[in-house]
Amino acid sequence: MVTVDQVLGALKQVIDPELHKDIVSMGMIKDLAINDGKVAFTLELTTPACPFNSDIERDVRAAIAALGVKDLIMKVTARVMEGRALNLDELLPGVKNIVAVASGKGGVGKTTVSVNLALSLARTGAKVGLLDADIYGPSVPLMLGLKAQPEVVDNKIQPPEMAGVKVISMGFFYEQSQQAGIYRGPIVSGIVKQFLTDVNWGELDYLIIDLPPGTGDAPLTIAQTIPITGILIVTTPQDVAMNVAVKAVGMFNKLNVPIIGVVENMSYLQCPNCTEQIYLFGKGGGRKISDDFKIPFIGEIPLHQHISEGSDAGKPIVLSEPESFQGQSFDKAAKTIAGRISIIAAEMRAQEEAEAQSTDAAKTPEKPPA
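Residues numbered from 1 in each chain as written. Predicted model: local features only at pLDDT ≥ 70, side-chain atom pairs only at ≥ 80, totals over all residues. Heavy atoms only, no water.

**Some remarks on helix H1 (residues 4-11)**
Cut-off, in case you're wondering: Accessible area is worked out with a 1.4 Å probe on protein chains only. A residue is then buried under 20% of its type maximum, exposed over 50%, and partly exposed in between. Helix and strand assignments come from DSSP, with helices taken as H or I runs of at least 4 residues and strands as E runs of at least 2, each series counted from the N terminus. The directions considered for the arc are those from the helix axis to the C-beta atoms. Two residues form a contact once any of their heavy atoms are found within 4.5 Å.
All of the buried residues in H1 are Val7, Ala10 and Leu11. Along the axis of H1, the buried positions cluster into a sector of 100°, meaning they face one direction only. Packing partners of the buried residues in H1 comprise strand E1 (29-35), strand E2 (38-45) and helix H2 (53-66).

Here it is in structure tokens:
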């Protein structure tokens, strides 16, 4: 009969492929019990969207089987790690991670990426919110087919929900669909802050913020108001988009906000009658940004008619055609982003522990010489 120490020793050999730490020291093994040769525990993964979850589960089963255990009861759950200092944020204490999606210029499909990534994360079981911070040209409600104004309960705006994603946008509050949003910078900042503070976001694993293009008031307000887990940069392959996207990277680097990675949208057109990929807008812009700035390359999103048609019809591709190669490209990117967030969260936790140990050491009085 195996012992608890033997089981833990075997599980310490299982390494998380992204965090590069064993699952025992990461606290991923819960409620371990051994009864009459039966081994039972809960495997608590760092996110339901991790691309390596099945690999970890397989390695755990193999490690236990190597001990000669034939009766394993393993429950697999996930608890998203906090990638931001919640103790420093009184505005959104229930939100574990905030991901701001940015681009240097308009027209790169940033909102399409934001919407589909939010829905992809929600499809894994994560609790997700989507904040449309483009005050001048909000388009998230159109892409999700949402029209009704949100209700207000106890002075809190109740965000409408679509496929498990809570949504807020200035597009809900325009009296007419043709009405233009004419606001000066301070008003824009005030609206963005109100969307952060006066919306009942509740408990969220991920809050995706679709920033307006450029490096103006809304991105600065968000970066300076709340602790952000990281920034996702969206670009297209051509040099014009790439050269402007690097300005967004530079701004957030100056603000000391982590960069999650870069997504290249409209990377190629898949030939409908063959397997050829046609590069209409050039090739390699996203990877060049990744290489030049030493930030992860998240992936490529193809240019496809059904993506744009789905956005116009309020039926995003990850919901209307989840098994298509274009839908799968968003799912793959979402899982990669979730993995990157786990890495950022683990690094932040390690830094906090190191700082706490350093503080404790400084407070400990030195022993007098013998």
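**Observations concerning the pattern of salt bridges**
Note on pairing: side chains with opposite charge can pair once their charged atoms come close. Put simply, the test is: A pair is scored as a salt bridge if a Lys or Arg side-chain nitrogen falls within 4 Å of a carboxyl oxygen belonging to Asp or Glu.
Counted by the stated rule, this structure contains 10 salt bridges. A salt bridge links arginine 123 to aspartate 331, with the nearest nitrogen and oxygen atoms 3.3 Å apart. Highlighted residues: arginine 123 in helix H3 (residues 110-123) and aspartate 331 in helix H11 (residues 325-363), separated in sequence by 208 residues. Through salt bridges that share partners, Lys30, Glu44, Arg79 and Glu82 make up one connected network.

**Side note on the packing of helix H7 (residues 239-254) against helix H8 (residues 285-293)**
Inclusion rule: Note on geometry: axes are lines fitted to C-alpha atoms, helical ones only across the stretch in contact, with angles between N-to-C directions running from 0 to 180 degrees. Should the near helix be turned anticlockwise from the far one by less than a right angle, the crossing is termed left-handed; should it be turned clockwise, right-handed.
Across the interface, H7 lies against H8 with an axial gap of 10 Å and an inter-helix angle of 35°. Every pair of crossing elements has a handedness; the one defined by H7 and H8 is right-handed. Residues Met242, Ala245, Val246, Val249 and Asn253 of H7 lie in contact with H8, whose contacting residues are Gly285, Lys288, Ile289 and Phe293.

**Re a nonpolar patch on the surface**
Condition: Patch membership requires over 30% relative accessible area and the absence of a salt bridge. Like charges are linked within 9 Å, and nonpolar side chains (Val, Leu, Ile, Met, Phe, Trp, Tyr) within 5 Å. Reported accessibility uses the Shrake-Rupley method at a 1.4 Å probe radius. Residues are deemed covered only where the shown protein chains occlude them.
The grouping of Ile278, Leu280 and Phe281 at the surface amounts to a nonpolar patch, some 240 Å² of accessible area in total. Note that leucine 280 resides in the loop between strand E14 (277-278) and H8.

**Quick notes on the sheet that holds strand E9 (residues 165-169)**
Applicable threshold: Note: two strands are recorded as paired if DSSP finds a minimum of 2 bridges between them.
If you trace the eight strands from one edge of the open sheet to the other, you get E8-E9-E5-E10-E4-E11-E12-E15, paired in mixed fashion. Looking along the sheet, the strands with just one partner apiece sit at the ends: strand E8 (161-162) and strand E15 (297-300). Contacts from H7 reach strand E4 (98-102), strand E11 (230-235) and strand E12 (259-264), with the element oriented near 170° to E11. Against the sheet, H8 contacts E11, E12 and E15, and its axis sits at roughly 155° relative to E12.

**Some words on the sheet that holds E2**
Taken in spatial order, the three strands line up as E1-E2-E3 in an open sheet, and their pairing is mixed. Each edge of the open sheet is held by one strand with a lone partner, namely E1 and strand E3 (72-78). Adjacent strand axes in the sheet meet at a mean angle of 10°, parallel and antiparallel pairs treated alike. With five bridges joining them, E1 and E2 adopt antiparallel strand pairing. Bridge assignment links isoleucine 34 to a residue of E2, and that residue is valine 39. Each of E1 and E2 touches H1; the most contacted strand, E1, lies at about 140° to it. Strands in contact with H2 are E2 and E3; relative to E2, the strand with the most contacts, it is inclined by about 160°.

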